[in-house]
Amino acid sequence: MNKKKILVFNWKMNPSSKKEALKLFTALKKSAAWALKKGLKLDFILSPPAVYLDAINQKNKNTKIILSGQDTFYKGSGSVTGGISYAMIKDLGAKMSIVGHWERRSLFGESNKDVSEKIKVLLGNKMKAIVCVGEENRDQRGHFADFLEKQIRESLAGVEKFQLKDVILAYEPVWAIGAGARQPVVEEVEQSLVLIRKILKKIFGEDSKKIKLLYGGSVGESNIQELSEILQLDGFLLGRASLNPDTFEAVLKSFSD
Ligand code: PGA
């Protein structure tokens with residue numbers, strides 16, 4: 001392994017109690033400390049449910065684990081029932097937030113415009129944004145390329161070139177996310193990443209290189225090694241694999257081989 005890799009642990013709406021969350025965090029802390037001791041070039045980002053951020057933040061001393069939200073509203077406060085703002089998660093230790101995850105887009109009807117507002121508010125408040133994009137279908141005729149271009153253009157609308165160092169783009173094809181999904185073939189991921197780099201260059205020119213690119217969707221111990229060979233990749237977003245200590249330990253171990 002040559003290039004340093006970012007690993008985002010996205011717990012989604014899990015686990016269902018604070019006690020379990022702290023137990024899982026302890027396991028992650030142990031694994032991250034092991035990786036550090038081994039000299040593995042890895043950065044750890046943990047996105048727990050917002051309700052656990054405070055408790056985890058208090059226990060996140062002397063680790064290299066960076067905390068992140070899973071979503072944020074685009075205002076600091078106000079009449080937004082059920083909303084959680086960037087200011088609130090920042091206050092509880094989050095340095096960044098995921099935005100535009102497919103589950104937010106599909107279950108909560110979030111549009112590219114919503115995503116762009118969220119990114120702008122994060123970047124404008126000295127936080128980073130982990131922006132998820134990805135096609136629903138990978139059609140043979142290549143329509144997915146147009147879909148991706150529109151999604152990326154609209155989601156990143158209004159982002160200034162000087163802010164690009166704080167943007168992490170996670171390519172998460174919808175067909176590869178979650179239980180029962182199809183595992184991606186390395187070539188498919190490579191092809192999409194080349195395409196995404198081209199789209200970003202069209203929008204931001206040479207500055208687009210400052211954007212980090214991650215892959216997410218069915219990443220686990222069986223495919224992490226081959227996916228890590230992809231040159232364009234700066235890291236991975238782990239969903240299910242982030243919930244099982246045996247699995248994420250195995251994923252980390254594969255980086256030491
Ligand atoms: P998965 O989820 O790793 O469980 O497929 C990834 C994601 O949705 O971020």
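Our subject is the structure listed above.
Structure report, in brief. Numbers given to residues run from 1 along each chain, matching the order in which its sequence is written. With the structure being a predicted model, the display of local features is reserved for residues of pLDDT at least 70 and the display and counting of side-chain atom pairs for 80 or more, all residues being used for whole-chain, interface and lining totals. Values reported for side chains reflect all heavy atoms of the structure, with hydrogen atoms and water molecules removed beforehand.

Considering the sheet that holds strand β2 (residues 42–47)
Sheet strands pair by backbone hydrogen bonding; their relative direction is either parallel or antiparallel.
Then comes step 1: When DSSP finds two or more bridges between two strands, those strands count as paired. Secondary structure follows DSSP: runs of H or I at least 4 residues long count as helices, runs of E at least 2 residues long count as strands, and numbering of each begins at the N terminus. Taken in spatial order, the eight strands of this closed barrel run β1-β2-β3-β4-β5-β6-β7-β8, and their pairing is parallel. Shown here is a sheet whose adjacent strand axes are inclined to one another by a mean of 25°, direction ignored.
Then comes step 2: In terms of strand pairing, strand β3 (residues 65–69) meets strand β4 (residues 96–99) through two bridges, oriented parallel. Bridge pairing links S68 to M96 in β4.
Then comes step 3: Contacts between helix α1 (residues 18–37) and the sheet are confined to β1 (5–10), β2 and β3, with β2 contributing the most and set at about 170° to the helix.
Then comes step 4: Contacts from helix α5 (residues 112–123) reach β4, β5 (128–133) and β6 (167–171) within the one sheet, and its direction differs from that of β5 by about 160°. Axis definition: a line fitted to C-alpha atoms, over the contacting stretch in the case of helices. Angles run 0 to 180 degrees between N-to-C directions. Note on contacts: a residue pair is in contact if any heavy atoms of the two residues lie within 4.5 Å.

Re helix α9 (residues 245–254)
Then comes step 1: Relative accessible area decides the class of each residue, using a 1.4 Å probe on protein chains only: under 20% of the type maximum gives buried, over 50% gives exposed, and in between gives partly exposed. Listed in full, the buried residues belonging to α9 are T247, F248, V251, L252 and S254. Seen from one end, α9 has its buried residues packed into an arc of 160°, which puts them on one side.
Then comes step 2: Tucked into the core, α9 has its buried residues touching β1, α1, β2 and α8 (224–228).
Then comes step 3: The N-terminus of α9 is capped by N244, whose side-chain oxygen sits 2.9 Å from the backbone nitrogen of D246. The arc in question is the one spanned by the directions pointing from the helix axis to the C-beta atoms. For this analysis, a polar contact is any N or O atom pair within 3.5 Å, provided that within protein one partner can donate a hydrogen and the other can accept it, and provided that sequence-adjacent residues contribute only side-chain to side-chain pairs.

Focus: the site of the ligand
Then comes step 1: When we say a residue is near a molecule or strand, we mean one of its heavy atoms is within 4 Å of it. As a matter of local geometry, the ligand sits amid N10, K12, H101, E172, A176, I177, G178, G217, S218, L237, G239 and R240.
Then comes step 2: Within the side chain of H101, an N or O atom sits 2.7 Å from an oxygen atom of the ligand.
Then comes step 3: A distance of 2.9 Å separates an oxygen atom of the ligand from a polar side-chain atom of E172.
Then comes step 4: Areas reported here follow the Shrake-Rupley algorithm with a probe of radius 1.4 Å; residue values treat only the protein chains shown as occluding. Taking 280 Å² as the accessible area of the ligand by itself, protein coverage stands at 99%.
Then comes step 5: Gly is put with the polar residues, along with every residue not named as nonpolar or charged; the nonpolar set is Ala, Val, Leu, Ile, Met, Phe, Trp, Tyr, Cys and Pro, and the charged set is Asp, Glu, Lys and Arg. When the residues that make up the shell around the ligand are grouped by side-chain class, the tally is three nonpolar, six polar and three charged.

Observations regarding the nonpolar core
Then comes step 1: Core analysis: the biggest nonpolar cluster contains 67 residues, and F44, V131 and F236 have the highest contact counts within it.
Then comes step 2: Element by element, the count of residues in this core is highest for α1, at eight residues.
Then comes step 3: Grouping buried Ala, Val, Leu, Ile, Met, Phe, Trp, Tyr and Cys residues that are joined through side-chain atoms within 4.5 Å yields what is termed a nonpolar core. With eleven residues, the next largest nonpolar core counts V8, M96, A170 and L237 among its residues.

What to know about helix α7 (residues 186–204)
Then comes step 1: With 19 residues, α7 should cover 27 Å at 1.5 Å per step; its first-to-last C-alpha distance of 27 Å lies within 8% of that length.
Then comes step 2: Three or more residues of α7 are buried, namely V186, E188, V189, S192, L193, I196, I199, L200 and F204. Seen along its axis, α7 keeps its buried residues to an arc of 150°; they face one direction. Across from the buried face of α7, at angles greater than 90 degrees, the exposed residues are E187, K198 and K202.
Then comes step 3: Next to the buried residues of α7 lie α6 (143–155), β6, β7 (212–216) and α8.
Then comes step 4: Two residues or fewer past α7, G205 is found with a positive phi of approximately 65°. By definition here, a helix of n residues has an expected span of 1.5 Å times n minus one.

A few points about the packing of α1 against helix α2 (residues 50–59)
Then comes step 1: Put simply, α1 and α2 touch, their axes get as near as 10 Å, and they point 40° apart. Taken as axis vectors, α1 and α2 run oblique relative to one another. In the packing of α1 onto α2, the handedness of the crossing is right-handed. Along its contact with α1, which presents K18, A21, L22, F25 and K29, the element α2 presents Y52, A55, I56 and K59.
Then comes step 2: Each residue belonging to the contact of α1 with α2 can be placed in one class, and the counts come to six nonpolar, no polar and three charged. Convention used here: angles under 35 degrees read as roughly parallel, angles over 145 as roughly antiparallel, angles from 65 to 115 as roughly perpendicular, and any remaining angle as oblique. In a left-handed crossing the near helix is turned counterclockwise from the far helix by less than a right angle, and in a right-handed crossing that turn is clockwise.

Points about the packing of α6 against α7
Then comes step 1: Where α6 contacts α7, the two axes come as close as 10 Å, and the packing angle between them is 45°. Taken together, the axes of α6 and α7 lie oblique to each other. The two elements α6 and α7 meet at a crossing, and its hand is right-handed. When α6 is examined against α7, the residues F144, A145, L148, E149, I152 and R153 are found in contact with a partner set consisting of Q191, S192, L195, I196, I199, L200, K202 and I203.
Then comes step 2: Counted by class, the contact of α6 with α7 contains nine nonpolar, two polar and three charged residues.

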